[in-house]
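# Examination of the molecular architecture
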Amino acid sequence: MQAFRFGPAGRQLAGILHPPTRTRSAPASVLICNPFGQEAIRIHRLLRLLAENLARKGFATLRFDYFGTGDSDGDDEQASLSGWRADIGAAHAELARATLARKTAWLGVRLGGTAALQAAEGVAWPPAHLIAWEPVLDGAAYLSTLRAEHADYVRRHRLLAGPAPGAASDLLGFAASAVMAEEIGRLGVDTLPGRPPCGVTVVGAGERDAARWPPSWNVNSRPLDVELNWTSEEALNTALAPMAAIGTLAAAIEEALA
Amino acid sequence: MSEQTFAFGRGGNLCGTLTSAQGSPAGVAILLLNAGIIHRIGPHRINVKLARDLAGHGFHCFRFDLSGLGDSRFSAQARSSYQEQAIADIADAMQAVTERTGVSRFAVFGICSGAQNGLAAAAVDARLAGLFMVDGYAYATASSAWHRRWFYLRRAPLTSIARWLLSLRRRLLGTAAAAPSDAVEIDYGQNTPPKPVFAQMLTTLVGRGVRVAALFTGSWIERFSYLRQWHDGFRGETFVDRVEIDFQPELDHTASTLAGQRFLVERVRRWALEHFAGP
């Protein structure tokens, strides 16, 4: 595991590279794209374990935080979905530079999956395959859920609340700028590129909603019998790392890179 | 704002991010610890927000993951207990910061297990000159339960009254379960030390000149339910008036609102500037 920062001064991103611990005949790599806010905190442990699992299978794996999230430069309210897409491209280039792998798969989780689906067509050398784990396909509904959960938590616990800086929204303790909220709110299958930029596998709840995908996408689907509460605020000491999810995701990635 | 993320520790197994002080650096650097198993950014990124605010006021800040948490691994020389390992990791973090900044005195900020680990480290390491604990150890007094009931009554009057009436009915009917003689207080996994042991630790720390602050949130109401609880519980102890106590029932354990985060950042900044500003 190698911790480092990459990107231009003022927009440095925090990355953790898991070098492969065994050699494969055709070197391949995996880029992991985080979800939003509390979901990224809850899933951190699982993604570390998954990355270690992939490294043991011989795949160099990079986890990173977008600008304005996690350990990277920037404040919450400076993040935007267009910025996320640019950061995915930068991380993809960084992974290629660091590993010289000829083939790369992306794993995007929730909003990170949607951003990855949009970002894939904009990179010079697209990934060989994209695995989207429960991607957000109805941005307005997603935003509405986060706002409702936040309001409910504040009301139940009588918490100090107030206006967020600028016109940002407080989404379970993470600020989303007006730009970010508008970008999320617009998300839908109609905002995806007309044709998939690479092979796409959808894992988890999204795969049950196959009818919503544009027919031209022809997505593969892989069920995941694990129900996750992505945003729970209640249990400080309960991160999400079910082994069934790690096994399913690792198998999907290995199959995509075979 | 300049930040570096790097591996450190005797086995290179630990991971942390140093936020360099802006302007002339203070003579004390600030360590930001894990809360529970949340990685080094802290709940709702509070450690990142604290680090950048404090760095803007002249403090080098270091947020890092203890062994096995976040992006840190266990080393081959792992200690026998979780807390011994935490103390060793905090010592490694101080060493790493000193090598990069030259600063050799430290204050530590921690929520929940972070407060617990910070206290344990401060008790044995003279480099630690300050300790800011959020929802750390607390000890009930004779009137804690009444204050707690009053808190719930104000927060949810109908629910509270209904629960009391139900409890009263059970008692009158003789159906209430008898409390076991060895009933254990809710501990949230903190392994709370006996009160005299805790008092001795505080006596030693304050005697050594360590600046100690303890803030309790609404999430800790079962443990700490009114501002004077500290003074009532430790009346007569030499440290009682030398520890800064805050009771903020409108905050929660993980600073779950942006307004709560701003309050916490301002509170910690005020404490740091009051005690540790300057070279």
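Fair warning: this is a prediction, and the values are worked out from it, not measured in the lab.

Attention now moves to the overall build of chain A. The helix and strand tally for chain A stands at 6 helices and 10 strands. Each principal axis of the C-alpha atoms in chain A carries an extent, and together these give about 55 × 45 × 35 Å. Out of the 258 residues belonging to chain A, those deemed buried represent 59%. Sequence separation of 24 or more characterises 72% of the internal contacts of chain A that already satisfy a separation of 6 or more. Surface accessibility of chain A: about 10,200 Å² in total, with carbon and sulfur atoms responsible for 52%. If you average the places of the 24 positive and of the 27 negative side-chain charges in chain A, the two averages end up 7 Å apart.

We now examine the environment of alanine 245 of chain A. All names here are of chain A. Inspection of the secondary structure assignment puts alanine 245 in helix α6 (residues 243-256). Residue classification places alanine 245 among the buried positions, given a relative accessible area of 0%. It is 23 Å that separates the C-alpha atoms of alanine 245 and cysteine 198, two residues lying 47 residues apart in sequence.

Residue and element names in this part refer to chain A. When you tally the buried positions in strand β3 (residues 28-33), you get 6 out of 6 residues, the bulk of the element. Burial along β3 is two-sided: the residues Ala28, Val30 and Ile32 and Ser29, Leu31 and Cys33 are all buried. Pairing of β3 with strand β4 (residues 59-64) involves 5 bridges; the strand directions are parallel. When the bridges of β4 are listed, leucine 31 appears paired with leucine 62. Note on the crossover from β3 through helix α1 (residues 37-56) to β4: the handedness is right-handed. Note: β3 against strand β5 (residues 103-109), 6 bridges, orientation parallel. Bridge pairing in β5 links serine 29 to threonine 104.

Right, let's get into the sheet that holds strand β1 (residues 3-8) of chain B. Residues and elements named next belong to chain B. One open sheet holds the 8 strands; their spatial order is β1-β2-β4-β3-β5-β6-β7-β8, and the pairing between them is mixed. Edge positions in the sheet fall to β1 and β8 (243-248), since each of these pairs with one other strand and no more. Adjacent strand axes in the sheet meet at a mean angle of 20 degrees, parallel and antiparallel pairs treated alike. In the sheet, strand β3 (residues 28-32) pairs with strand β4 (residues 61-65) via 3 bridges, with the strands oriented parallel. Note that in β4 the partner of leucine 32 across the bridge is arginine 63. Sitting on the sheet, helix α1 (residues 46-56) touches β1, β2 (14-19), β3, β4 and β5 (105-111), and the angle it makes with β4 is about 160 degrees. The sheet contacts of helix α2 (residues 82-101) involve β1, β2, β3, β4, β5 and β6 (128-134), and relative to β1 the element is tilted by about 130 degrees.

Procedures and definitions
Residues numbered from 1 in each chain as written. Chains lettered and ligands numbered in written order. Predicted model: local features only at pLDDT ≥ 70, side-chain atom pairs only at ≥ 80, totals over all residues. Heavy atoms only, no water. Helix = DSSP H or I, 4+ residues; strand = E, 2+ residues; numbered from the N terminus. Buried < 20%, exposed > 50% of the residue type's maximum accessible area, 1.4 Å probe, protein only. Contact = heavy atoms within 4.5 Å. Areas by Shrake-Rupley, 256 points an atom, 1.4 Å probe, with all protein chains shown as cover. Lys, Arg positive; Asp, Glu negative; His and termini not counted. Charge placed at Lys NZ, Arg CZ, Asp CG, Glu CD. Pairing = 2+ DSSP bridges. Right-handed = clockwise from strand over helix to strand, strands pointing away. Axes fitted to C-alpha atoms, helices over the stretch in contact; angles between N-to-C directions.

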